[in-house]
Amino acid sequence: MTDQQSATLHRMVLSDHVCPFGVRAKELLEANGFQVDDRHLTTREQVEDFKAEHGIRTTPLIFIGEERIGGCDDLERHLQG
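Residues numbered from 1 in each chain as written. Predicted model: local features only at pLDDT ≥ 70, side-chain atom pairs only at ≥ 80, totals over all residues. Heavy atoms only, no water.

All right, on to the packing of helix 1 (residues 20-31) against helix 3 (residues 72-80) then. Where helix 1 contacts helix 3, the axes come no closer than 9 Å and their chain directions differ by 20°. In terms of orientation, helix 1 lies roughly parallel with respect to helix 3. The two elements helix 1 and helix 3 meet at a crossing, and its hand is left-handed. Residues F21, R24, A25, L28 and L29 of helix 1 form the contact with helix 3, whose participating residues are C72, L75, E76 and L79. (Axes fitted to C-alpha atoms, helices over the stretch in contact; angles between N-to-C directions. Helix = DSSP H or I, 4+ residues; strand = E, 2+ residues; numbered from the N terminus. Parallel < 35°, antiparallel > 145°, perpendicular 65-115°, else oblique. Left-handed = near helix turned anticlockwise from the far one by under 90°. Contact = heavy atoms within 4.5 Å.)

Within the secondary structure layout, R11 lies in strand 1 (residues 6-12). R11 sits 50 residues away from L61 along the chain, and the two C-alpha atoms are 6.8 Å apart. For R11, the contacting residues outside a window of four places in its chain are V18, G22, V23, K26, D38, R39, H40, L41 and P60. In this structure the side chain of R11 is engaged in a polar contact, spanning 3.3 Å, whose partner is the side chain of H40. (Polar contact = N/O pair within 3.5 Å; in protein donor to acceptor, adjacent residues only side chain to side chain.)

So, about the pattern of salt bridges. Using the criterion set out here, one finds six salt bridges in the structure. A salt bridge links D38 to R11; its shortest N-O distance comes to 2.7 Å. Taken together, the residues D38 in strand 2 (residues 35-41) and R11 in strand 1 connect sequence positions 27 residues apart. Note on D38: relative accessible area 23%, which makes it partly exposed. Its salt-bridge partner being D74, residue R77 comes within 2.5 Å of it at the nearest N-O pair. With R77 and D74 both in helix 3 and three residues apart, the pair spans about one turn of that helix. With a relative accessible area of 31%, D74 lands in the partly exposed category. (Salt bridge = Lys/Arg side-chain N within 4 Å of Asp/Glu carboxyl O. Buried < 20%, exposed > 50% of the residue type's maximum accessible area, 1.4 Å probe, protein only.)

What follows covers the nonpolar core. In summary, soluble globular proteins display a tendency toward joint burial of nonpolar side chains. Among the nonpolar cores identified, the biggest contains 12 residues, and these are A7, L9, A25, L28, L29, F34, V36, I62, I64, I69, C72 and L75. For this core, the elements supplying multiple residues, two or more each, are strand 1, helix 1, strand 3 (61-64) and helix 3. Residue contributions to this core peak at three residues, all from helix 1. In contact with I62, not counting residues within four places along its chain, are T8, L9, A25, L29, E67, R68, I69, G70, G71, C72 and L75. Ranked by size, the runner-up nonpolar core spans nine residues in total, among them C19, V47, F50 and I56. (Core = buried A, V, L, I, M, F, W, Y, C linked by side-chain atoms within 4.5 Å.)

Below you can see the structure in the form of structure tokens.
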């Protein structure tokens, strides 16, 4: 039996807002058998710094192993692949 595939999910989880695309990405990953390292961005400053660091306009950002997948739509295309 092989080890479960792992994915890293960076998503916005603020006290007043949880990104629905991050929730959807987590559900998709788990439904497809991934062990998810669920990393929360919990302040607007963390979110903005993270987006600037990775050159993205929105969250979430998903990695499968070392491969950068992208956001939720990119994950859906990758899984259909």
